[in-house]
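Remarks on the overall topology
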Amino acid sequence: MEVIHGTRKAPQDFISRMPDNVVTNILDRLPLQDAVRTCTLKRKWRFKWTLLSQLVFDERFYFCLMERNGDSSKFGRVINKLLLHIKGAITKFSLCIFHQLDDADIAHWILFLSEKGVKDLTICNEGPHQLKMPSHLFSCLELKHLKLYNCCLNHPPTFQGFPNLLSLELRLVRFKSDIGEFITCCPSLEILISTSILKAVWIAKLENIRILSISLPLCDRDTMMSFQSCSTVFELLDSLPKLQELELDFQNCKLIEDDVNKRFSPAFPSLKALKLSRVCLEDGMKLSCAFELIRSFPNLQTLEITTSTRVWHNGGPPRADYNKTGLLQLRSVIFEYSKGSENELCFLKYLLVRSPFLKKIVIRPHCFSTITLDGKLEFASKLLKVHRASPVVDIDLS
């Protein structure tokens, strides 16, 4: 308390006098349950939480509710009550579903969000059955970011796309209608993450894509096969000039032999980060494809490899002499190995020998690896004998 000329002056309440937009900015940064609790701070703050523009009903909110009430059936009613009091626009809405919710409630919430101009929507369904998304979703035309997990979509014939959508993440999402038509109706899309099998021709139409994460195989125009030509991947990348980050999941893919030894000219200067997931380096063709991908990105700086023990085709290390290839620009590498095999060692040797600017490489066993402690020590011993082109590289053998 401030004393002026022998009198006491009450401290000013600067927080309560802040403009509503500043209060909203502060509340949006708090966990939802804490933002609502601000109603107990002071009389003036009783309804400040109704200015929230971002509503995140995540795991923390759910378990906080369970601790207080012990009744998961109240989850839907709580959301209904909170939405009823929100005054302004809702720019972000995130919902994690841990138990069965009423379909009518979900449809009402999505309709409400479409009227509130939602721009960022996440629906994560952790339940055992896929959630059928209501048709009101396709009325949320101001959406910029959409994430769906374990859902089912069926867009109406009148759907013209999300004109403002910048990022789309689809994990375990099933389409009753044409997924290609859905994706290609998003002309502004810059980020696409999908675990669904896609056709290369669909992705090729997304000329603004900067970040792409997809599962192989890519399908051609007519077939949905598990076989993949390495050249198909390069042809797709050639149609995405703005691509900066790429993730390819090889788990369900079998490479065909027609062009496994074909060399591709480096032509993707914008790509800076590459992640190859669940790639079996015991398959000589996949090992060759991985080499070609890395060699073809002259400005690649970040690389992450997660290996797999699932073998589609047996083969040894590639016949080509990759020590004669150009130098790499890699700065950071994360490599998760499965067996500590000769193929995995061959791959790491290539990275160390051809990366003069490498600063750090983390080498650790895959979480499902069955390699023994003696096997790890033997693999580490071989790695430490490999020549390193970078004099400052930090090798972390976790």
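Counting of residues starts from 1 at the beginning of each chain's written sequence and follows it residue by residue. Selection of residues for local features in this predicted model requires a pLDDT of at least 70, selection of side-chain atom pairs for listing and counting requires 80 or more, and totals for whole chains, interfaces and linings are taken over all residues. Note: side-chain values were computed over all heavy atoms of the structure, leaving out hydrogens and water.

As a further point, take the packing of helix α8 (residues 230-238) against helix α9 (residues 284-295). Each pair of packed helices gets described by two things: the angle between the helix axes and the distance between those axes. Whenever a helix is involved, its axis is fitted only over the stretch in contact; in every case the axis is a line through C-alpha atoms, and angles between N-to-C directions fall within 0 to 180 degrees. We count a stretch as a helix when DSSP gives it H or I for four or more residues in a row; a strand needs E for two or more, and each element gets its number in order from the N terminus. Relative to each other, α8 and α9 sit at 20°, their axes nearing to 11 Å. Overall, the two elements α8 and α9 adopt an arrangement that is roughly parallel. Crossing of α8 against α9: the hand is right-handed. On α9, the residues that touch Cys230, Val233, Phe234 and Leu237 of α8 are Cys289, Glu292 and Leu293. Note that Gly is not counted as nonpolar here; it falls among the polar residues with everything else outside the nonpolar set of Ala, Val, Leu, Ile, Met, Phe, Trp, Tyr, Cys and Pro and the charged set of Asp, Glu, Lys and Arg. Among the residues forming the contact of α8 with α9, the class breakdown is 6 nonpolar, no polar and 1 charged. With respect to orientation, any angle under 35 degrees is reported as roughly parallel, any angle over 145 as roughly antiparallel, any angle of 65 to 115 as roughly perpendicular, and every other angle as oblique. In this scheme the crossing of two helices becomes right-handed for a clockwise turn of the near helix relative to the far one and left-handed for an anticlockwise turn of less than a right angle. Contacts: residue pairs with any heavy atoms within 4.5 Å of one another.

Between the rings of Phe, Tyr and Trp (Trp by its six-membered ring), a pair exists once the centres lie within 6.5 Å; its type follows the angle of the planes, with under 30 degrees stacked, over 60 edge-to-face, and the other angles tilted. Evaluated as defined, the whole model comprises 18 aromatic pairs. Aromatic side chains Phe138 and Phe162 sit 6.4 Å apart centroid to centroid with 15° between the ring planes, which places their arrangement in the stacked category. Highlighted residues: Phe138 in the loop between β6 (131-132) and β7 (145-149) and Phe162 in the loop between β8 (151-153) and β9 (167-171), separated in sequence by 24 residues. Assigned by exposure class, Phe138 and Phe162 land together as buried. Note on exposure labels: buried denotes an accessible area under 20% of the residue type's maximum, exposed denotes more than 50%, and partly exposed covers the range between, all computed with a 1.4 Å probe on protein chains only.

The span you would expect from a helix comes to 1.5 Å times its residue count less one. Across its 12 residues, helix α10 (residues 342-353) extends 16 Å between first and last C-alpha, which sits within 8% of the 16 Å expected from 1.5 Å per residue. Burial analysis of α10 places 9 of its 12 residues in the buried class, the great majority of the element. Buried residues of α10: Asn343, Glu344, Leu345, Phe347, Leu348, Tyr350, Leu351, Leu352 and Val353, and no others. Elements that come into contact with the buried residues of α10 comprise α9, β17 (302-307), β18 (332-337), β19 (360-365), α11 (373-384) and β20 (394-397).

Moving on, we come to the confidence of the model for the protein chain. Residue-level confidence of the predictor is what pLDDT reports, using numbers from 0 through 100. Residue-level pLDDT values for the protein chain average 84, and 85% of them are 70 or greater. At the level of individual helices and strands, the protein chain shows its lowest average pLDDT in strand β1 (residues 2-4), which scores 49, and its highest in β7, which scores 97. Across residues 221-226 the pLDDT falls below 50, and counting only partners more than four positions away or on other chains, this stretch makes 12 contacts in the model.

Further remarks concern the side chain of Ser114. As for its position among the elements, Ser114 is in helix α5 (residues 103-115). Judged by its relative accessible area of 17%, Ser114 is buried. Definition of a polar contact: a pair of N or O atoms within 3.5 Å, with one able to donate and the other able to accept a hydrogen when the atoms are protein atoms, and with sequence-neighbouring residues admitted only if both atoms are side-chain atoms. Within polar-contact distance, the side chain of Ser114 engages the backbone oxygen of Leu111 at 2.6 Å. Setting aside chain neighbours within four positions, we find Ser114 in contact with His136, Ser139 and Cys140.

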